[in-house]
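# Structure assessment
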Amino acid sequence: SLDSINKIFYISLESYDFLHDFYKIPDSKLEFLPLGGVLYEGNEYKKRRKKIRKKLLLEDNEILIVHSGKMDINKRTYELLVAFSNIKSECFKLVLIGSIPAEMKDIIYPLIEKDTRVKYLGWKSSDELIEYLFAADLYAQPGSQSATMQNAICCGCPVILYPHKSHKMYLKGNGFYAKSTEEIIKALNKIKENQELLDVMRRESYKVAHELLDYRKLAARLYNWDENYLMEGVFYEAKTFE
């Protein structure tokens, strides 16, 4: 059916590799269309942020880190908790949202229970999770990929990410790469030493969101699309990020 198809969209660089290398789909048929999000700024952002931070009893100077998903071994929740325990500051708070598989409970729960700065909130709906991302000062995804990362950037969150190939386009002065406990500790210590860094990174996250992830722009590519349609600043070929 490929002859009847104008474009095949891929949502990550790994998806591009699979489509191009395994299915042998030519570059002329492939186009990057990321999983995006809705951008909220200004008063709407402040209102949503204040609501959850009040619920969590957070002061303005306290730094909220959010980590979410199915916390299996690939999510690297354990490594994040170990790193967090090494940051000796009461200004740092960590919220875990999602599910903890049975095989990880004996590993993760003891670390949660011995640190009063950590809260496990269980599973939340996607809308509820977005609310916590507004309240967050940092979103930590040091393991497997998740679309929550894109949502976090749309909420203006700085990020800590594992250096997956597909993360290259999303980290532009708005966070840290971390592939080990030591690198997570290093990133958190940088924030501890200079909290104003988060304000700079927040602005950079919004820039990335406007450039790549705004669903209004992504939708416009579809309802305005024809064979020659190219939206400047949004269309990317995979080789751009090699």
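Preceding block: the structure.
Read on for a plain summary of the structure. These numbers come from a predicted model, not from an experiment. (Residues numbered from 1 in each chain as written. Predicted model: local features only at pLDDT ≥ 70, side-chain atom pairs only at ≥ 80, totals over all residues. Heavy atoms only, no water.)

## Digging into the packing of aromatic side chains
Applicable threshold: Working definition: rings of Phe, Tyr and Trp (its six-membered ring) pair if their centres are within 6.5 Å, and the pair is stacked with planes under 30 degrees apart, edge-to-face with planes over 60 apart, and tilted otherwise. Strands here are runs of E lasting at least two residues and helices are runs of H or I lasting at least four, both read from the DSSP assignment and numbered beginning at the N terminus. Think of it in three bands: residues with accessible area under 20% of the maximum for their type are buried, residues over 50% are exposed, and the middle band is partly exposed, with areas taken using a 1.4 Å probe on protein chains only.
Counted according to the given criterion, the structure contains 9 aromatic pairs. Ring centres of Y10 and F32 lie 5.7 Å apart, and the angle between their planes is 40°; this geometry places the pair in the tilted category. With Y10 in strand β1 (residues 8-10) and F32 in strand β2 (residues 30-32), this residue pair connects regions lying 22 residues apart in the sequence. According to the relative accessible area criterion, Y10 is buried, its value standing at 2%. Where Y109 meets Y120, the ring centres are 6.1 Å apart and the plane angle is 75°; that geometry is what we call edge-to-face. You can see Y109 sitting in helix α4 (residues 102-113) and its partner Y120 sitting in strand β5 (residues 118-120), a full 11 residues away along the chain. Taken together, the ring pairs in this structure connect Y40, Y45, F134 and Y206 into an aromatic cluster.

## A look at the sheet that holds β5
How we decide: Only strands joined by at least two bridges in the DSSP assignment are considered to pair. Note on geometry: axes are C-alpha line fits, over the in-contact stretch for helices, and angles between N-to-C directions span 0 to 180 degrees.
One open sheet holds the 6 strands; their spatial order is β5-β4-β3-β6-β7-β8, and the pairing between them is parallel. Of all the strands in the sheet, just β5 and β8 (175-177) have a single pairing partner and so form its edges. The sheet shows a mean angle of 20° between the axes of neighbouring strands, direction not considered. Relative to strand β4 (residues 92-99), strand β3 (residues 63-70) runs parallel, the two being bridged by 8 bridges. From the neighbouring strand, G69 faces β4, where its bridge partner is G98.

Just geometry here; none of it tells us what the structure is for.
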